[in-house]
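Notes for the structure review
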Amino acid sequence: MEMPYKEVEKLPPFTHKKPMKTNPVLRLLIKVLSRADFKDTDFTYETNRMELCENKPCFILMNHSCFMDLEMAFKIFNDRNFCIVCTSDGFVGKPLLMRNLGCIPTNKFVSDLSLIHDINYAINKMNVSVLMYPEASYSFDGCATPLPRKLGLLMKKLKAPVVTVITEGAFHRDPLYNCLQKRKVHVHAKVECLFTPEELEQKSVAELDRALDEKFSFDSFAWQRENKVKIDEPFRADGLERILYKCPHCLAEGKTKGKGIKLRCESCGAEYKLDEYGVLQSEKPLFSHIPDWYKWEREQVKNELLNSSYRLDTTVNIGVLRDDKAIYMIGSGRLLHTTEGFRLESDDGSLVYTQKPNVSYSLYSDYFWYELGDVICIGTNDTLFYCFPEKGVPVAKARLATEELYKIKKAEKAANA
């Protein structure tokens, strides 16, 4: 919906409401609609220590790989009623449906004290489990994304069993970079009661956080290669430039292009083939493993930040999330990201928003956001700004820069303390 920003500002923000249990009819509907995906992937799962949390509300932490994640959760926990922590933009245009699905809205990478209250209310008052994707965003490169610190503190507060769900093959089923094209691949999940309430009480917050970091430590491309999982779709490299946006041969950015089974740099002509087992092949390869290339890009961004040469400056179309009725498109503007943080300004001057580097440890950036385009999202609990940059601007780089800049500022603060 198009609306001037000055009118959007006047709109009341989200009205907080208590969580609801999932409607049984919707649970059944999801079960029916999921059958095709489960058949195509021959979905299976295994459990460990789950007898320790039988008939008890749990805090369920699941890695986030693709749109199939929620379907898997409803199948695995078919005998449990649970609420789902989800992004608030998912409520737009369908708040009643989402609430009846048991969803608890929150803004990604924004401090939200009400979310802690809602999770505690669901588990200890409603007596239902809560499903949360602690990574908050889909994995770009098939590896775990940073987890929020002091999740262990929340687990101690809840005093409920903690269950983890780690999937294998889900990332390859429908990787976000690959233009939302589904592949034929077996999907498996490992479900484990990681901590009982008694174990939570015995461990420190730091110990709990370390255990979660270890559990959420995976590499989907390494798993594919080591287990010889064959993916022979002829479009498997489509969109790969969204991850591998910087050429390691000529250092050009935004010139790589993934199409079919190949990734090619349009600046220097360097070309890689993505084979059926997720390995990059080339006559003179600098990388064969996609996450290694992505880690190299992270180091390149870090170096740019340290020498103050990092700069993202792009025209954007701006959408604003203020309530659950619509994303309000307010026109075009400019997004600037430097070592000072973000600055967003609309062309008409009605919006000027700045965000310091210490606000969040990561960034809500996404590919094909609701099929509108790649997006960078910043903002507060009351208002989020969805910035759709020029074609070819690597939103993955903005996420890497946000994460590395946060670490740098945190280290500087500790050194000066």
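Attention now moves to the environment of Arg35. By secondary structure assignment, the location of Arg35 is in helix α3 (residues 35-41). Overall, the relative accessible area of 54% leaves Arg35 in the exposed class. Along the primary structure Arg35 and Leu244 are separated by 209 residues, whereas in three dimensions their C-alpha atoms are 34 Å apart.

The next thing to look at is the packing of aromatic side chains. One pass over the structure, following the stated rule, counts 17 aromatic pairs. Taken together, the ring pairs in this structure connect Tyr364, Trp369, Tyr370, Tyr386 and Phe388 into an aromatic cluster. The aromatic ring of Phe140 is capped on one face by Arg399, whose charged end is 3.7 Å from the ring centroid.

Here the focus is the sheet that holds strand β2 (residues 59-62). Here seven strands make up an open sheet; going across it, the order is β1-β7-β6-β2-β5-β3-β4 and the pairing mixed. Edge positions in the sheet fall to β1 (44-48) and β4 (103-106), since each has one partner strand and no second. Strand-to-strand twist of the sheet, defined as the mean angle between neighbouring strand axes without regard to direction, takes the value 20°. One ladder, built from three bridges, connects strand β3 (residues 82-87) with strand β5 (residues 129-132); its direction is parallel. Across the sheet, Cys83 pairs through a bridge with Val130, a residue of β5. This element, helix α10 (residues 205-215), spans β2, β6 (162-168) and β7 (188-195) of the sheet and lies at about 170° to β7.

What follows is about helix α2 (residues 24-33). Inspection of α2 places Leu26, Arg27 and Ile30 among the buried residues, and these make up the whole buried set. With its buried residues spanning 105° around the axis, α2 presents them on a single face. Counted as exposed and oriented over 90 degrees from the buried face of α2: Pro24, Val25 and Leu28. Close packing links the buried residues of α2 with α4 (69-76), β3 and α5 (95-100). Sitting at the amino-terminal end of α2 is Asn23, which places a side-chain oxygen 2.8 Å from the backbone nitrogen of Val25.

Orientation of helix α12 (residues 290-306) relative to helix α13 (residues 395-416), taken along the N-to-C sense of each, is 55°, at an axis distance of 9 Å. Here α12 lies oblique to α13, going by the angle between them. Taken as a pair, α12 and α13 cross one another with a handedness that is right-handed. Side by side, α12 and α13 meet where Tyr294, Glu297, Arg298, Val301, Lys302, Glu304, Leu305 and Leu306 of the first sit next to Ala396, Lys397, Leu400, Ala401, Glu403, Glu404, Leu405, Lys407 and Ile408 of the second. In terms of residue class, the contact of α12 with α13 is built from nine nonpolar, no polar and eight charged.

With that settled, the discussion passes to unusual backbone geometry. Positive phi values are uncommon outside glycine, yet Asn127 reaches one of about 65°. With respect to the helices, strands and loops of the structure, Asn127 is situated in the loop between α6 (113-124) and β5. Positive phi, normally seen in glycine, also occurs at Lys159, with a value near 55°. Among the structural elements, Lys159 can be located in the loop between α7 (151-158) and β6.

Here the focus is the environment of Thr354. Here Thr354 is to be found in strand β15 (residues 352-355). Along the primary structure Thr354 and Arg343 are separated by eleven residues, whereas in three dimensions their C-alpha atoms are 4.4 Å apart. In this structure, Thr354 is in contact with Phe342 and Arg343, ignoring residues within four places of it in sequence.

For sheets, the rule is that strands pair by backbone hydrogen bonds, running either parallel or antiparallel. Pairing within the open sheet is antiparallel, and its four strands lie in the order β8-β9-β10-β11. Each having just a single partner strand, β8 (256-259) and β11 (280-281) make up the two edges of the open sheet. Across four bridges, β8 lies against strand β9 (residues 262-265) in antiparallel orientation. Directly across from Lys257, in β9, lies its bridge partner Arg264.

Turning next to the pairing of β8. Alternating residues of β8 divide into Thr256 and Gly258, all buried, and Lys257 and Lys259, none buried. What sits between β8 and β9 in their antiparallel hairpin is a turn of two residues, with Gly260 showing a positive phi close to 70°.

Let us now look at the packing of α7 against α10. Direction vectors running N to C along α7 and α10 enclose 110°, while the axes themselves pass 7 Å from each other. Taken together, the axis directions place α7 and α10 in an arrangement best described as roughly perpendicular. The crossing of α7 and α10 is right-handed. Facing Leu151, Gly152, Leu153, Met155 and Lys156 of α7, the residues of α10 in contact are Val205, Leu208, Asp209 and Leu212. Class assignment for the residues of the contact of α7 with α10 results in six nonpolar, one polar and two charged.

The rules behind each value
Residues numbered from 1 in each chain as written. Predicted model: local features only at pLDDT ≥ 70, side-chain atom pairs only at ≥ 80, totals over all residues. Heavy atoms only, no water. Helix = DSSP H or I, 4+ residues; strand = E, 2+ residues; numbered from the N terminus. Buried < 20%, exposed > 50% of the residue type's maximum accessible area, 1.4 Å probe, protein only. Phe/Tyr/Trp six-rings, centres within 6.5 Å; stacked < 30°, edge-to-face > 60°. Lys NZ or Arg CZ within 6 Å of the ring centre and 35° of its normal. Pairing = 2+ DSSP bridges. Axes fitted to C-alpha atoms, helices over the stretch in contact; angles between N-to-C directions. Contact = heavy atoms within 4.5 Å. Arc of directions from axis to C-beta. Polar contact = N/O pair within 3.5 Å; in protein donor to acceptor, adjacent residues only side chain to side chain. Parallel < 35°, antiparallel > 145°, perpendicular 65-115°, else oblique. Left-handed = near helix turned anticlockwise from the far one by under 90°. Nonpolar A, V, L, I, M, F, W, Y, C, P; charged D, E, K, R; others polar.

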